[in-house]
Each structure stands twice: as structure tokens, then as C-alpha cells.
Amino acid sequence: MSRIYLSPPDVGTAEVEFVLEAFEANWVAPVGPHLDAFEQEFAALVGSPHAVALSSGTAALHLALRLAGVGPGDEVLCSDLTFIASAAPITYLGARPVFIDSEERSWNMDPALACAAIEAKARAGRPPKALVLVHLYGQSADIAPIQACCERHGVKLIEDAAEALGATYGDRCPGSLGWAGIHSFNGNKIITTSGGGMLVTADAGMAKQARFLATQARDPAPHYQHATIGYNYRLSNICAGIGRGQLLRLASKVTRRRAHFRAYRQALGDLPGVTFQPEAPWGQSTRWLTCLTIDPAVAGRDREDVRRALEAADIESRPLWKPLHLQPVFAGVETHGGAVGERLFAQGLCLPSGSGMAEQDRERVIATVKQAFRAS
Ligand SMILES: *Cc1c(COP(=O)(O)O)cnc(C)c1O
């Protein structure tokens, strides 16, 4: 029996065709027809007028924050329960993150806490420059109330949809409502380019500036001319080819991951103390990862007992994200709330959820979790 991974790449033959096409036309370069097509197809899919393909989701967020005017001394509100990449680019720019706790309904940023923080800072004459709103594990946050608050106080809303491609918020896609949105095509995400990201926006000027900064901020001149410092952040034409192939099967990947969730919940939902991540009423989650919590007071065992039992059976599972305010590198950073994320981290577990996972492997995960609940 081979190891079952949390969320490995799921790549088909269309990807190979696109990549071969790039080789045959000698477009093995950081520009090319796949790059343009990938951007257009992606923009159409998420309903965003402009998309800029980049080397990672982190790079996309860095560019969005810089173009929002974030600089030294500024404050940027950010979801607390998330991967460090949501906040690291804030510090690249010399700005200060301020963390906002989750709400129970979606595990995403609590709109009431976020609005209270924005209003208090605005009253003090120092509204935050931007807000990074994360959509966790395929579930959209409640965007509208946060967006309204941001708009009232001139705060640029940047959506981190790295984990939420294919999800819905009403009839929209999370990532396409704010001033800017970012996506990730890392190897573990719902689609992959082996590594890559996308910046989406309705602001044409912003998209143009992002392309400019992502290619070393080169001014129009026959020689190399630069009036500002940029980055080398573009996605390659080869990786864009992989992305085009992946995009063709996004819908079936969502269906597959949701099927994993349903099977897990049906088989494990009645175990004592086990609760699955809720699906908020405002949209459909992709269930990028199936996440559950285990209340040790009810279950008689904790998340780590179950995680270790899975590991012993050569099955990869992971605790939920550790809240950023608990990370040593962010010790002492201003945080609003924190108890919800702390509980989710203490009790939460992500189960193998890859769109390529066979039913037989899923059954092995289920049997191992059940066994962990039988053992004393
Ligand atoms: C994966 C991820 C990122 C970063 O994307 P990369 O492409 O790996 O740089 C950012 N935010 C969240 C929430 C993520 O899960």
C-alpha cells in the first residue's frame, strides 16, 4: 500500500499536449501564447476583467499590496487563521499586519470584528491602508459586510483566494469582488502549474502596473531604462500551458473534492466530538480540503491521537493553520479576538482530499479514523 497524501497534484493529458505545443513552437520562455491565453481563460472563468499570471500567489499578493500604496509604517488588516503567505508580503513592504479572528459560521474573518477595527482606526485618524481577506479551505468568507466597511473608509480590499478557486459567493467567485484578488497554483492547490499565481482585478491601470512591476519595471526605451524597482515575478509560458490544461477540468475537480467531503461526513459525522467545517449559506465551498474538529472532552481522544494514527498507517493529514498571532515571528502583533482560531487550531484536522484520490484510498482513511476512535 502506498502513502496517501493530503492534496497531491492531479494532472492529465491535456496539460502534456499544451506543454508539447510550447516546446514545438519554441515558446520555452517567460512570454508566449499560453501565457496570454491562460490569463484570458482565467479572467473569463472567475468573472474578473483582468488577470495577470505570476510566479506564485505570494508574488501576486506582494504586487497587490504595493500597488495599494502600502509602505513603511502602514497598517494592513489580515485574517489571523491562515497560511503565513497571506501576511508575509505585508512585512516585505515594511508595513504592520493587524490580525482579525475568524467567525464560527465559515472559519473565515469575522466581519463584525473587522469593521470594529477599521472604524476604531478611522476614528483615531489612521485607517488601515488595505485588508487581506482569506477564503479558507475552499469556503468563501462573508465578503459583502467587510467590503462595505472597507469602502466607507477608503481601505483597499485584497482577497486571498489561493484556496478557493471554483468556490462561489452568491453568483460570483471569491477573489473577484475586492479591488484585487489573488490565486495560487502551487502543487497542493485545486489546480496547479507546478508553481504559480494569478492577480485579478477590475482596475485596468492596476493590471498594467502589475505587469510592469512583475517584469523588472522596464520603461519603454530601446535600451534598459528603469525609474523604479520591480521584480521578476512573471509565470513562464510552459507553466501557463499546464495551467490551461488544469483549468479545463476545474469543475470536475470541485465535484470530486466535494464527493470526498460527503463520504467522510457520512462515515465519520456521528463519531463523538467530531464536527465538520460548516458550509456558509452565502455560497458553495469547493471542499479543497475536508476539515473537521475533534472536541477531546467529548471524544475521549484528541486531534493529535487521530493524526498520529493516520501517520502510522502512512496517511498524511495536517492540523488546521496555526493562527498567525501564535507564530513566533509575529509575537506581540496587534490581534483582534483570537479565541475562535485558537480553538480551531487546537482541535482541527485536514484529511486527504486530492481530486485524484481513489475511493479505495478514501475508505482506508475512513477505516483508520474509525479505528483511532475505537482504540482506548
Ligand atoms: C497557498 C497559499 C498562498 C500562497 O500561494 P503560493 O502560490 O504558494 O505563493 C497564499 N495564501 C493562502 C491562504 C494559501 O493557502
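Quick look at the structure, then. All figures in this text were calculated on a predicted structure; none of them were measured in a lab.

## What to know about the pattern of salt bridges
Summed over the entire model, instances satisfying the criterion amount to 22 salt bridges. Here R96 ties to E75 by a salt bridge, and the two come within 3.3 Å at their closest N and O atoms. Here R96, found in strand β3 (residues 96–100), pairs with E75, found in strand β2 (residues 75–79); they are 21 residues apart in sequence, far enough to count as distant. E75 gets classed as buried once you look at its relative accessible area, which sits at 10%. One salt bridge connects R308 with E304, and the closest N-O pair in it is separated by 4.0 Å.

## Details of the side chain of S102
Tracing the backbone through its elements, the reader meets S102 in the loop between β3 and α5 (111–123). One polar contact links the side chain of S102 to the main-chain carbonyl oxygen of W107, over a distance of 2.8 Å. In this view, S102 contacts L81, W107, N108, M109, D110 and V340; residues no more than four positions away in its chain are not counted.

## Topic: the pairing of strand β6 (residues 180–184)
Burial analysis of β6 places 5 of its 5 residues in the buried class, the great majority of the element. Here β6 shows two buried faces, one formed by A180, I182 and S184 and the other by G181 and H183. Sheet topology note: the strand β5 (residues 156–160)/β6 ladder contains 3 bridges and is parallel. Directly across from E159, in β6, lies its bridge partner G181. Summarising the sheet, β6 and strand β7 (residues 197–201) pair through 5 bridges and their orientation is antiparallel. By the bridge assignment for β7, G181 is matched with V200.

Thresholds, definitions, all that
Residues numbered from 1 in each chain as written. Predicted model: local features only at pLDDT ≥ 70, side-chain atom pairs only at ≥ 80, totals over all residues. Heavy atoms only, no water. Salt bridge = Lys/Arg side-chain N within 4 Å of Asp/Glu carboxyl O. Helix = DSSP H or I, 4+ residues; strand = E, 2+ residues; numbered from the N terminus. Buried < 20%, exposed > 50% of the residue type's maximum accessible area, 1.4 Å probe, protein only. Polar contact = N/O pair within 3.5 Å; in protein donor to acceptor, adjacent residues only side chain to side chain. Contact = heavy atoms within 4.5 Å. Pairing = 2+ DSSP bridges.

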